Amino acid sequence: MRKLLSAMTGLAGGALLSSQAFAQEIRNPAEEWEHLWNEVILDITVIGVIMSVAAIVMLIKYRATSPDQVGTAKKLTTVQSISFALIPASIFMADDFYLAANGWTVWNAYRRVPENAMEVKVTAYQWYFEFEYPDGTVADGSLGDDDKPQAIKIPAGQPVVFRMTSEDVIHSFGLPYYRVKEDVMPGRITYIWVNPDKEQTEAVLQCAEFCGNDHSQMANPIHAVPQAEFDAWLAAKADE
Ligand SMILES: [Cu+2]
């Protein structure tokens, strides 16, 4: 009995600990999205293969062997008819609900901004994005001297939340590398956050809503760099 009691308190303590760990845990929506995507692809492949094999087997097995052959399928009982319809439908629906539930979980990761996230205010104009950092420094993403949209930097190893609005038309903040995209509208503030857990110079921000003549110019590389490099870049921007 004592053993059982201590096991139960242990379990309760463990559950409490893990719920605290969950509250502090910083998630990675891009990774979760990736995982869900693979799950969906796997599921539709398995279902597709099962259905195709069943169809092909039945086509061959029950094919007519002479032109005047008449089918002699025996009549199904009510229970058989209902089972044939309901059992496969229930299996597929259960899978759909499972994927939908996982989709909601990923959606929650996308909507819940970690407390330690650095906030960057984004204002979209025709045709560039402007970024304001917590210290008030503004980096504008318009074309640089080389006629290319300027690179924007964020520190690696810290979540970053972008709070966005537009001064003119509807734009969209699309960062395929981090699997995020959100509309940027006048008169409204929208947000997305990313978790740049490692350094990278591959991500490109692309306006994903056709917003006029130079829409394609709204394409800034977003580099996640070490904190020291980020600080130096920000200081240089402040001096500009
Ligand atoms: Cu745009």
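Everything numeric here is computed off the predicted structure, so don't read it as measured data.

**Q** Sorry if this is basic, but what is going on with the overall build of the protein chain here?
**A** Summing up its helical and strand segments, the protein chain has four helices and ten strands in all. Order of helices (α) and strands (β) in the protein chain, N terminus to C terminus: α-α-α-β-β-β-β-β-β-β-β-β-β-α. What you see for the protein chain is a C-alpha radius of gyration of 27 Å, clearly larger than the 18 Å of a compact globule of 240 residues, by over 25%. Seen through its C-alpha atoms, the protein chain measures out along the principal axes to roughly 85 × 70 × 30 Å. The buried share among the 240 residues of the protein chain stands at 17%. For the protein chain, the proportion of contacts with a sequence separation of at least 24, taken over those separated by at least 6, is 67%.

**Q** Can you help me understand the sheet that holds strand β3 (residues 138-140) in this one?
**A** Strand order across the open sheet formed by five strands is β3-β2-β1-β5-β8, with mixed pairing between neighbours. With one partner strand each, in any of the chains shown, β3 and β8 (190-194) form the two edges of the open sheet. Sheet twist, expressed as the average angle between the axes of neighbouring strands with direction ignored, equals 25°. Of the pairings in the sheet, the one linking strand β1 (residues 118-125) to strand β2 (residues 128-132) comprises five bridges and is antiparallel in character. Its bridge partner being in β2, A124 is matched across the sheet by F129.

**Q** What exactly am I supposed to notice about unusual backbone geometry here?
**A** For residues that are not glycine, phi is negative in most cases, and the peptide bond is trans in most cases. Here Q126 and W127 are connected by a cis peptide whose omega angle stands at 5°. Counting through the fold element by element, W127 comes out in the loop between β1 and β2. Despite not being glycine, D147 shows a phi value in the positive range, around 70°. Mapped onto the elements, D147 comes out in the loop between β3 and β4 (152-155). C-beta crowding within 10 Å serves as the criterion here: with 7 such atoms nearby, D147 is assigned to the exposed category. Even without a glycine there, the phi angle at R179 is positive, about 60°. Relative to the helices and strands, R179 resides in the loop between β6 (171-175) and β7 (180-184).

**Q** When you look at the domain arrangement of the protein chain in this model, what are you seeing that I'm missing?
**A** Size of an interface, as often reported, equals the accessible area lost when the parts are brought together. Annotation of the protein chain at the domain level lists domain 1 (28-62 + 75-112) and domain 2 (118-239). Spacing between the C-alpha centres of domain 1 and domain 2 amounts to 38 Å. Between domain 1 and domain 2, the residue contacts involve four residues of the former and four residues of the latter. Residues that form the side of domain 1 that touches domain 2 fall into these classes: three nonpolar, one polar and no charged.

Quick notes on the rules
Residues numbered from 1 in each chain as written. Predicted model: local features only at pLDDT ≥ 70, side-chain atom pairs only at ≥ 80, totals over all residues. Helix = DSSP H or I, 4+ residues; strand = E, 2+ residues; numbered from the N terminus. Rg over C-alpha atoms; globule rule 2.2 N^0.38 Å. Buried ≥ 20, exposed ≤ 12 C-beta atoms within 10 Å, placed from the backbone. Contact = placed C-beta atoms within 7 Å. Pairing = 2+ DSSP bridges. Axes fitted to C-alpha atoms, helices over the stretch in contact; angles between N-to-C directions. Domains from an automatic or database assignment. Nonpolar A, V, L, I, M, F, W, Y, C, P; charged D, E, K, R; others polar.

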